[in-house]
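Structural description and commentary
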Number of protein chains: 2
Amino acid sequence: MSFKELMKVLGLGAVAFVLGVEWLNWLTRRLRDSRGPLKEVLFFPSPQVCVEHLFTRHTHFPCACPLPHGVETSFSRLLRHLLSARLSLDLCVFSFSHMELSRAILLLHKRGVVVRVVTDRDYMTITGSQIGALRKAGICVRHEMSKAVHMHHKFALVDGRKLITGSLNWTLTAVQSNKENIMVTEEPELVRPYQQEFQKLWEANDPANHKPQTTNGQQNR
Amino acid sequence: MSFKELMKVLGLGAVAFVLGVEWLNWLTRRLRDSRGPLKEVLFFPSPQVCVEHLFTRHTHFPCACPLPHGVETSFSRLLRHLLSARLSLDLCVFSFSHMELSRAILLLHKRGVVVRVVTDRDYMTITGSQIGALRKAGICVRHEMSKAVHMHHKFALVDGRKLITGSLNWTLTAVQSNKENIMVTEEPELVRPYQQEFQKLWEANDPANHKPQTTNGQQNR
């Protein structure tokens, strides 16, 4: 076979390969679309397993910890959904003290994902709260301004199109002990109202619109 | 026009009327189906309005209370969804002290709707809890058996096909003060897992499968 013929065969092969990959992509998309937008329900408590590979993106579970490796749980699914954020994460959570969830949020912030957090005024200062660590890292956190009201939501919006919502507070007890639920969906009819609610709370709790307290400066943190 | 002719015209008119109504029904069903299963999101706090007409089924708001009448709110929508139960209501709620929600559950029970409740062991005995009133009326209530675990769900299944779930506990503070959310959906992919979870909890907390406590008899209530 001459060099010219070889090049022709290689060229045609490359084109066939690219077309094949594109066709497979198209087929996968069609199959996914026919099932409708993502809908997933997770229940807790979730068994303790190693989730190190989700943070480090290693595929061969190099972690030497004594926890089971390579096991998918409700908690690892939740982590995967959170870590899938590429542009933004809007989080509205009553109580946040879970170390690994905090690590995930800090990692997203480090990757350049725009993270916004709205939380409860009282619960953000309890022992073990991760809100201080988020603020220290430069993540913008706002809290419910009214003293008489609890910001009791527990939802997150990933890239403005994936909603994670349920009964689960971001605490170790909730994840490992309690009977809890979470729903993950990309159904636009469900995602849109939560987006609007987040924006409403974000603006309503802007410290710039509230007078600083006379007793301490916490209100403007 | 003879009597025979008159009867013919009336008969044809009746047939045309019935066919017209059936066609309108079909059209409405088609339009509803094209929008997919019910998906509704409700946010709280909900303003205080009169909901008496939802219990008494009076259409002209005969109530003389000083609250606004004829206004639809998140709470009245929640009540409507609950009171739409015809066959069964499965309720899984952490804290239940709201008087009007209790009234709604008691009314459903009185109407012959099969009501089952799973609740939290500690929170069912707090001041104002409505769990005692439900049990007194003959409603079957089971509670989380483990002392170390909270049954933190807040979801309900109406007739096994409508799911109501979110952050909202069934308390006055949650409804009237807190920032809370509820999602109401008939999407089978979302309803089914909650049905299975309810059944799992119902069976796991069957007092017949647990030894009675030595300190008191609460475990078998």
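Residues numbered from 1 in each chain as written. Chains lettered and ligands numbered in written order. Predicted model: local features only at pLDDT ≥ 70, side-chain atom pairs only at ≥ 80, totals over all residues. Heavy atoms only, no water.

Going by what an unreviewed UniProt entry lists, chain A is known as Mitochondrial cardiolipin hydrolase and is assigned to Labeo rohita. The Sequence similarities (unreviewed entry) field of the UniProt record for chain A holds the comment "Belongs to the phospholipase D family. MitoPLD/Zucchini subfamily." (UniProt positions renumbered as here; feature names shortened; annotations may be inferred.)

1. Some points on the confidence of the model for chain A
Residue and element names in this part refer to chain A. For chain A, the mean per-residue pLDDT works out to 90, and 90% of the residues sit at or above 70. Between residues 217–221, whose pLDDT stays under 50, and residues either more than four places distant or in other chains, the model counts 16 contacts. Model confidence for the complex: the whole-complex pTM is 0.82, and ipTM, which rates the interface, is 0.81. (pLDDT = per-residue confidence, 0-100. Contact = heavy atoms within 4.5 Å.)

2. Points about the packing of helix α3 (residues 74–83) of chain B against helix α4 (residues 99–110) of chain B
Residues and elements named next belong to chain B. The interhelical angle for the contact between α3 and α4, taken along N-to-C directions, is 15 degrees, at an axis separation of 10 Å. One finds that α3 runs roughly parallel with respect to α4. Judged by the twist between their axes, the crossing of α3 over α4 is right-handed. In contact with F75, L78, L79, L82 and L83 of α3, α4 contributes E100, L101, A104, L107 and L108. Residues of the contact of α3 with α4, tallied by class, amount to nine nonpolar, no polar and one charged. (Axes fitted to C-alpha atoms, helices over the stretch in contact; angles between N-to-C directions. Helix = DSSP H or I, 4+ residues; strand = E, 2+ residues; numbered from the N terminus. Parallel < 35°, antiparallel > 145°, perpendicular 65-115°, else oblique. Left-handed = near helix turned anticlockwise from the far one by under 90°. Nonpolar A, V, L, I, M, F, W, Y, C, P; charged D, E, K, R; others polar.)

3. Considering the relation of the copies chain B and chain A
Of the transformation placing chain B onto chain A, the axial shift is 0.1 Å and the rotation is 180 degrees, giving an RMSD of 0.2 Å. Such values leave the two copies arranged in the relation of a two-fold axis. (Least-squares fit on C-alpha atoms with pLDDT ≥ 70 in both.)

4. Regarding the pairing of strand β1 (residues 39–44) of chain B
Residue and element names in this part refer to chain B. Where burial is concerned, most of β1 is hidden: six out of the six residues are buried. Burial along β1 is two-sided: K39, V41 and F43 and E40, L42 and F44, pointing in opposite directions, are all buried. Two elements, β1 and strand β7 (residues 180–185), share six bridges in a ladder whose sense is antiparallel. The residue bridging E40 from the neighbouring strand is V184, located in β7. (Buried < 20%, exposed > 50% of the residue type's maximum accessible area, 1.4 Å probe, protein only. Pairing = 2+ DSSP bridges.)

5. Points about the interface of chain B and chain A
The partner chain A presents 31 residues to the 31 residues of chain B that form the contact. Here chain B packs against chain A, burying approximately 2800 Å² in sum over the two surfaces, 60% of which is carbon and sulfur. Where chain B packs against chain A, one counts four salt bridges. Where K39 of chain B meets E189 of chain A, a salt bridge forms, and the shortest distance between an N and an O atom there is 3.5 Å. Put simply, chain B and chain A have 18 residue pairs in polar contact (both at pLDDT 80 or more) between them. (Buried area = accessible area lost by both parts, 1.4 Å probe. Salt bridge = Lys/Arg side-chain N within 4 Å of Asp/Glu carboxyl O. Polar contact = N/O pair within 3.5 Å; in protein donor to acceptor, adjacent residues only side chain to side chain.)

6. Structural notes on the sheet that holds strand β1 (residues 39–44) of chain A
Strands pair in a sheet through their backbones, by hydrogen bonds, and they do so in one of two ways: parallel or antiparallel. Residue and element names in this part refer to chain A. Read from one edge to the other, the open sheet built from seven strands follows the order β1-β7-β6-β5-β2-β3-β4, with strand pairing classed as mixed. Strand pairing shows two members of the sheet lacking a second neighbour, β1 and β4 (140–143), which therefore form its edges. On average, each strand axis in the sheet is inclined to that of its neighbour by 10 degrees, with strand direction left out of account. Bridge count for strand β3 (residues 114–119) against β4 is four bridges, and the pairing is parallel. What sits directly across from T119, in β4, is H143. Relative to β1, helix α3 (residues 74–83) is tilted by about 135 degrees, and along the sheet it contacts β1, β2 (88–93), β5 (154–158), β6 (162–166) and β7 (180–185).

7. Here's the deal with the packing of aromatic side chains
Summed over the entire model, instances satisfying the criterion amount to ten aromatic pairs over all chains. Taken together, F43 of chain A together with F155 and Y194 of chain B form an aromatic cluster joined through their ring pairs. Just above the ring of F55 of chain A sits the side chain of R103 of chain A; from NZ or CZ to the centre is 4.0 Å. Here R116 of chain A stacks its cationic end above the ring of W202 of chain A, 5.2 Å away from the centre of that ring. (Phe/Tyr/Trp six-rings, centres within 6.5 Å; stacked < 30°, edge-to-face > 60°. Lys NZ or Arg CZ within 6 Å of the ring centre and 35° of its normal.)

8. Remarks on the pattern of salt bridges
Residue and element names in this part refer to chain A. The final tally for this structure, using the stated rule, is 18 salt bridges over all chains. Between R80 and E72 there is a salt bridge, and its shortest N-O distance comes to 2.9 Å. By relative accessible area, R80 is classed as partly exposed at 35%. Shared partners join several salt bridges into a network, and the residues in it are E40, E72, R77 and R80.

9. Side note on the sheet that holds β7 of chain B
Judged by pairing direction, the sheet is mixed, and its seven strands sit side by side in the order β1-β7-β6-β5-β2-β3-β4 (chain B) without closing on themselves. The sheet is open, and its two borders are formed by β1 and β4 (140–143) of chain B, each paired with just one other strand. Strand-to-strand twist across the sheet, computed as the mean angle between neighbouring axes with direction ignored, equals 10 degrees. Contacts from helix α7 (residues 188–204) of chain A reach β1 and β7 of chain B within the one sheet, and its direction differs from that of β1 of chain B by about 20 degrees.

10. With respect to the UniProt feature "domain: PLD phosphodiesterase" (unreviewed entry) in chain A
The UniProt record annotates "domain: PLD phosphodiesterase" (unreviewed entry) at residues 147–174 of chain A. As annotated, residues 147–174 of chain A comprises 11% helix and 36% strand, and the C-alpha atoms at either end are separated by 25 Å.

11. Side note on a nonpolar patch on the surface
Residues and elements named next belong to chain A. A cluster of nonpolar side chains, namely M1, F3, L6, M7, V9 and L10, defines an oily patch on the protein surface of about 670 Å² accessible area. When you line up the elements, V9 lands in helix α1 (residues 3–34). Given the relative accessible area of 47%, V9 is considered partly exposed. (Patch = residues over 30% accessible without salt bridge, like charges linked within 9 Å, V, L, I, M, F, W, Y side chains within 5 Å. Areas by Shrake-Rupley, 256 points an atom, 1.4 Å probe, with all protein chains shown as cover.)

12. A word on the pairing of β3 of chain A
All names here are of chain A. Most of β3 sits out of view: five of its six residues are buried. Here β2 runs beside β3; their pairing, made up of six bridges, is parallel. Bridge assignment links L89 to a residue of β3, and that residue is V115. After leaving β2, the chain enters helix α4 (residues 99–110) and then returns to the sheet as β3, a path that is right-handed. Between the parallel pair β3 and β4, the chain is carried across by helix α5 (residues 131–136), and the sense of this crossover is right-handed. (Right-handed = clockwise from strand over helix to strand, strands pointing away.)

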